[in-house]
Amino acid sequence: MNTEKVTARRLTAEDIAELGLQDGIFVSAGTDGLPLDCYAPAFLTKPGKEFEGGAFTARTIFGEEVQVLPGNAEEGGIWIADKAGEEIEVLQSAGVLLNLALFVPGGNKESLESLYSAARDAFGAGVVQRWSEEIVAVPDVKVDLFEEPARGRKSNSQNRDRRALDIYPTRVRFLEPSEGWKFVVEPHQEIVDDTPTI
């Protein structure tokens, strides 16, 4: 576990009420419900002045939401960096978890093993791990992806935005449409420029 010692002081509810969304704080670290004996960098999910009793909610840089009662001595509380404070252990963001979906044309077991070996060689055998593997045969075709307003009449082509041309359908599964828009997927068609030339 990669941690560093930070000098910080514990905040009271009145102190937290002065904080905004941009103020960096430290809250008890935990991941997937597993408490850790240290702190994680975090930010409040709404300004402290909007606190109306109950618990403050903070989101750590690792995406975990934490409910904190500042007056509860049994909890870790909320801390802020302060040179006159005491030392606490703070988790560091030591890396990035990548969820990869790989399309391997003509993919077979040997080509997948080659990919895995190359990744382990590049990043280290202890770093690259396969958490789950879904091997699905997909047709080697390409599609055109458009966005249209989610509400409204049956669209005509003027009411659509081109998102991507000539992409694999498996990639579409991992994209999200813009707010208020929906995806339209069509078989790929080559663009033919029939502008007369002289």
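Thresholds applied
- Residues numbered from 1 in each chain as written.
- Predicted model: local features only at pLDDT ≥ 70, side-chain atom pairs only at ≥ 80, totals over all residues.
- Heavy atoms only, no water.
- Phe/Tyr/Trp six-rings, centres within 6.5 Å; stacked < 30°, edge-to-face > 60°.
- Lys NZ or Arg CZ within 6 Å of the ring centre and 35° of its normal.
- Core = buried A, V, L, I, M, F, W, Y, C linked by side-chain atoms within 4.5 Å.
- Buried < 20%, exposed > 50% of the residue type's maximum accessible area, 1.4 Å probe, protein only.
- Helix = DSSP H or I, 4+ residues; strand = E, 2+ residues; numbered from the N terminus.
- Contact = heavy atoms within 4.5 Å.
- pLDDT = per-residue confidence, 0-100.
- Patch = residues over 30% accessible without salt bridge, like charges linked within 9 Å, V, L, I, M, F, W, Y side chains within 5 Å.
- Areas by Shrake-Rupley, 256 points an atom, 1.4 Å probe, with all protein chains shown as cover.
- Salt bridge = Lys/Arg side-chain N within 4 Å of Asp/Glu carboxyl O.
- Pairing = 2+ DSSP bridges.
- Axes fitted to C-alpha atoms, helices over the stretch in contact; angles between N-to-C directions.
- Polar contact = N/O pair within 3.5 Å; in protein donor to acceptor, adjacent residues only side chain to side chain.

(A) Geometry of the packing of aromatic side chains. For the structure on display, the rule yields one aromatic pair. A cation over a ring is seen here: Arg160 above Phe146, with NZ or CZ 4.4 Å from the ring centre.

(B) Quick look at the nonpolar core. One finds Leu11, Ile16, Leu19, Ile25, Val27, Leu44 and Ile78 to be the most contacted residues of the largest nonpolar core, which totals 13 residues. Sorting the residues of this core by element identifies β2 (25–31), β3 (34–44), β4 (56–60) and β5 (65–68) as the ones contributing at least two each. With near-sequence residues (within four places) excluded, Leu11 lies in contact with Ile16, Leu19, Pro70, Ile78 and Ile80. Counting residues in hydrophobic clusters, the runner-up holds seven residues, among them Phe26, Tyr39, Trp79 and Val90.

(C) Spotlight on the confidence of the model for the protein. With 90% of its residues at a pLDDT of 70 or more, the protein has an overall mean of 81. Of all secondary-structure elements in the protein, the lowest mean pLDDT belongs to helix α3 (residues 169–172), at 79, while strand β6 (residues 79–81) reaches the highest, 92.

(D) Summary view of unusual backbone geometry. Notably, Asp166 is not glycine yet its phi reads approximately 65 degrees, a positive angle. Given the relative accessible area of 37%, Asp166 is considered partly exposed.

(E) Representation of a nonpolar patch on the surface within the structure. Where nonpolar side chains cluster on the molecular surface, the patch consists of Val96, Leu98, Leu100, Leu102 and Leu115 and spans about 570 Å² of accessible area. By the secondary structure assignment, Leu98 is in the loop between β7 (86–91) and α2 (109–123).

(F) Main features of the sheet that holds strand β9 (residues 161–167). Ordered in space as β9-β8-β10, the three strands form an open sheet in which the pairing is antiparallel. This sheet does not close on itself; its edge strands, each paired only once, are β9 and β10 (181–187). Averaged over all adjacent pairs, the angle separating strand axes in this sheet is 20 degrees, with direction ignored. As defined by bridge partners, strand β8 (residues 143–149) adjoins β9 across four bridges and the pair is classed as antiparallel. Among the inter-strand pairings, Val143 is bridged to a residue of β9, identified as Ile167.

(G) Quick peek at the side chain of Glu148. By the secondary structure assignment, Glu148 is in strand β8. A distance of 2.9 Å separates the side chain of Glu148 from the side chain of Arg160, its partner in a polar contact.

(H) Inspection of the pattern of salt bridges at higher detail. Under the definition given, this model contains eight salt bridges. Salt-bridge contacts for Arg9 lead to Asp82; the nearest nitrogen and oxygen are separated by 2.7 Å. Residue Arg9 is located in strand β1 (residues 3–10), and its partner Asp82 is located in the loop between β6 and β7; the two are separated by 73 residues in the primary sequence. Taking the relative accessible area as the measure of exposure, Arg9 reaches 35% and is therefore partly exposed. What makes Asp82 partly exposed here is its relative accessible area of 24%. Taken together, the shared-partner salt bridges connect Arg9, Asp15 and Asp82 into one network.

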